[in-house]
Structures are given as C-alpha cells and as structure tokens.
Amino acid sequence: MKTASPTIAADIPPSSTARSPVAGRRFWTMLGPGFVVAVGYMDPGNWATDIAAGSSFGFALLSAVLIASLAGIFLQGLIVRLTLATGTDLARLIRQRFPRPVAMLVWAVSELAMIATDLAELLGSAIALKLLFGIPIMAGVVVSAVLTFGILALPGARGRAPELVVGALMSVVVVCFAWELVIARPDPAALLAGLMPSVELARDPEMLYLSLGIIGATVMPHNLFLHSGLVRARLAEVKTEEERRQAARWLTIDLSTALALAGLVNGAILAVAAVAFQGVAAGGTPGIEDAHTLLGGSIGGVAALVFAIALLAAGQSSTTTGTMAGQMVTEGFLNLRLRPVTRALITRGASLIPALAVLGSAGDGAVDGLLVLSQVVLALTLPFILIPMLLLLRNDKVMGRLAMAPLTLRLASLTVLLLTGLSGWLAGTTAMV
C-alpha cells in the first residue's frame, strides 16, 4: 500500500502514461465526469454566498473559495477512487454493503437532497429568465422545467448528449465571467492578497459565517452520486488492469481541471461583487436580482446582461445535472431504471409543488426564503451521504488493491467530520435567521 500521496492516481507507475492511438481515443471518452460535476460547484446557491462575501468584505474571502475548491477536489477524488476500486457507483454500494433499513434511510434522505437541489436551481433559472425577458418568477419556474425536459429528451439522453449540453452551458458561464473580470478590472495585488487566509476570518463572526457558507455550499450531496455514476459508466470501456490505471490518471486530470475552473468562476463572481458592490452591504446584503441591478449601475448594462446570461446557463445546467444524479440514485438504491424524462418528472414535480404554492401565495418576494430553505435541507442531508462513503473507503475488503494510505484515510475522516459539523452548524444558524 502506498503512503506518499492521497490522490486516486497514487498507485500508477510513470510507465502507464504512454498512450497508443487507441488509448488516446479512449482518453477523450474518459473526459466529462469532472466537468459535469463542476456545474454543481458554481450553481446559483454558490452565487448567493460569493456575492454576499464580495459585497461585504471585498477580496478578503477569496481564501474561502480556494479552500472550498481544494476540499471539493479531494472529496470528488475519493469518489472516483472508490468507484474505480469496486466498479460500482456509490448508491449501489450503499445498497449492497449496508443493512436494508440503513440503505433505505440514506435513499430517502438522498431523494430529499435531490428535491432541495432542484428547487434552488429551478429558482436560479427563473430569476435569470425574469432578468433577461421580464418573465415573472412563477412563469419562469415552469419555463425552466420545460427546458430541462427538452434537454433530457434529446436523442442519446442515456448517453453523452446531456453531458455535451451541460458542458456547453458551463462554457458559457466561464466565458461570461471571464468577460465580467475584464470589464470590472479588479486590482491584481488585492486578488492575490485575498487568497491568503487572514486571522480576521476567525475574529469577525460575519466573515467566519460567510467563509463557512462558501465552503458548505460547495460540497453538495447529489454531486457525489453523480460523479460516481458517470465514472462507473466510463468503466464499461475499461478491459484490462493497465487500462484501469490509465483511466484513473485521466479521470484525475479531468476532475482537477474541471473543479479548478469552477473555483476560478466562483472567485470571479466574488471579485466582480467586490468591485461593483463594495459598501452596498451596509444597507443589506444584495440578492441575485439586486446584484444584477447594481452591476448595471456601477459597471454598465453589458455587464448586467452578461451576468443574467451566465445565471441562466448556470441554473439550467445545474437542473439538468441534478436530474441525472436523481436518476442514478433511483437506479442504485432501488435497482429501478427510469427514462431520464420520467426521473425529471418525479424530482421536478416534487420541487415544483412547494415552489408554485409559495410563489402563488407570497409572490416573487418569497424567492429568497425558498433559497434559504433549500440550503438548510442540503446542509442537513450531507452527513447522511458522507458518513457511509467514508465507511466504504475505510473498508480494505471493499477497496482491494486501491485501499488508501493511512494518511489519506485520516485526512478523509477529518474532512468528513468537519463538513458534518459545519453542515449542522450552518443549518441551525440559518434556520434561526
């Protein structure tokens, strides 16, 4: 067993990096899971925390974005390693390896997490449609649902077609915020300084709360199932041990590149907010709609338009990946294979009912409350998925030749412990607000 590195490619000798033309083609077929998962790392929930952090404290909390990105890469890397070691996705492993009551509890909690995730992304897309086309939030919720069904109904929806659409939407978000940075022109020295954690993070309660919020909004339950299921699908093309080792290295590159890009997007959102909204938070933290208005006033109408386009792309891609994750949860826990559109109808229907009911009675002003509710639910459900995952990783019989080094296991245990405590604290604190 290796003891040097916690990465999933730690056991791969240098000689395995050489690729034949066939292996080169397989490299491209392995790409994708990391980029699909990265969508969840820059969804509308992340936007809200990044905007609040930038408008309140300038660039000071860029260090929290960096820590969150590193934690995400580490945890998603663990999922890749678990899937490579077993050839099975996380949902199936929990069903197979835990007592049925435990597995069913995790399944029920996971479904609740899917609904909460879908609710947040649905509202993000609806806000974007309102900003771009003046569509009321309630109507935008319905339009967003229809758009998701359209993506999942594409030919090849069980294959890579949704992945390609999601990748294209993610590219839109990346390009839009690269352009926002060009327009905003933040001070490079201030950006670099913000990447270094400050003692003020521990001293200032609001800075600490926002820092923990950034980290807590990054690791989402559905991403763990989604990444595992996508990697498992890729393993169907892996026939030999050598190919498995190559796949591990390629999937590591895919994951690291994609989540690094997602981290850069989150950092860009915070930086743009720091330039455009600094000092605004004295009169209350701006929401996503407020941010759009303020951006147009401080930087220009083009910046506001690009912001809204990026929000629509982020929200719509996130709703699609959430549905994909829900499909994997159903198949893994219940051994029930559903068509993508059918799975979308189940999750989307469950999230549409409370959204339309609350919006119908309270109007568009209820959006912020619904977003808070979705984040509280996600914080409460995360430990139910992280703890079984950790127990599987610590089981040498499950991991086989890819059993992890003691140092990696200790780091994984510490990360899960911290995120579990963080989730409970954030849920309790947010619920009392």
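Rules used in this analysis
- Residues numbered from 1 in each chain as written.
- Predicted model: local features only at pLDDT ≥ 70, side-chain atom pairs only at ≥ 80, totals over all residues.
- Heavy atoms only, no water.
- Helix = DSSP H or I, 4+ residues; strand = E, 2+ residues; numbered from the N terminus.
- Buried < 20%, exposed > 50% of the residue type's maximum accessible area, 1.4 Å probe, protein only.
- Contact = heavy atoms within 4.5 Å.
- Salt bridge = Lys/Arg side-chain N within 4 Å of Asp/Glu carboxyl O.
- pLDDT = per-residue confidence, 0-100.
- Phe/Tyr/Trp six-rings, centres within 6.5 Å; stacked < 30°, edge-to-face > 60°.

## Notes on the environment of M399
1) Next: Tracing the backbone shows M399 in helix α18 (residues 396-399).
2) Next: Judged by relative accessible area, M399 falls into the buried class, the value being 1%.
3) Next: For the pair formed by M399 and L82, sequence separation is 317 residues and the distance between their alpha carbons is 6.7 Å.
4) Next: Residue contacts for M399: discarding those within four places in its chain leaves R81, L82, A85, L392 and L393.

## Notes on the pattern of salt bridges
1) Next: In this structure the tally under the stated criterion is 2 salt bridges.
2) Next: Residues R232 and D89 are paired through a salt bridge, measuring 3.6 Å at the closest nitrogen-oxygen approach. With R232 in helix α12 (residues 221-234) and D89 in the loop between α4 (62-86) and α5 (90-97), this residue pair connects regions lying 143 residues apart in the sequence.
3) Next: We classify R232 as partly exposed; its relative accessible area is 34%.
4) Next: Its relative accessible area of 3% is what places D89 among the buried residues.
5) Next: Via salt bridges that share partners, D89, R92 and R232 belong to a single interconnected network.

## Points about the confidence of the model for the protein chain
1) Next: Here the protein chain shows a mean pLDDT of 80. Residues at 70 or above account for 82%.
2) Next: For the protein chain, helix α1 (residues 21-30) is the element with the lowest average pLDDT, namely 57, and α5 is the one with the highest, namely 94.
3) Next: Under a pLDDT of 50 for its full length, residues 1-22 has, in the predicted model, 40 contacts with residues more than four places off or in other chains.

## Looking at the packing of aromatic side chains
1) Next: Counted according to the given criterion, the structure contains 4 aromatic pairs.
2) Next: Both rings, one in W47 and one in F307, keep their centres 5.1 Å apart while their planes meet at 65°; by these two values the pair is edge-to-face. Here W47 is found in helix α3 (residues 44-57), whereas its partner F307 is found in helix α15 (residues 301-334), with 260 residues between them in sequence.
3) Next: A centroid spacing of 5.9 Å and a plane angle of 70° characterise the contact between F225 and F333, whose relative ring orientation is edge-to-face. Of this pair, F225 sits in helix α12 while F333 sits in helix α15; the two residues are 108 residues apart in sequence, bridging distant segments of the chain.
4) Next: Residue F225 is classed as buried on the basis of its relative accessible area, which comes to 2%.

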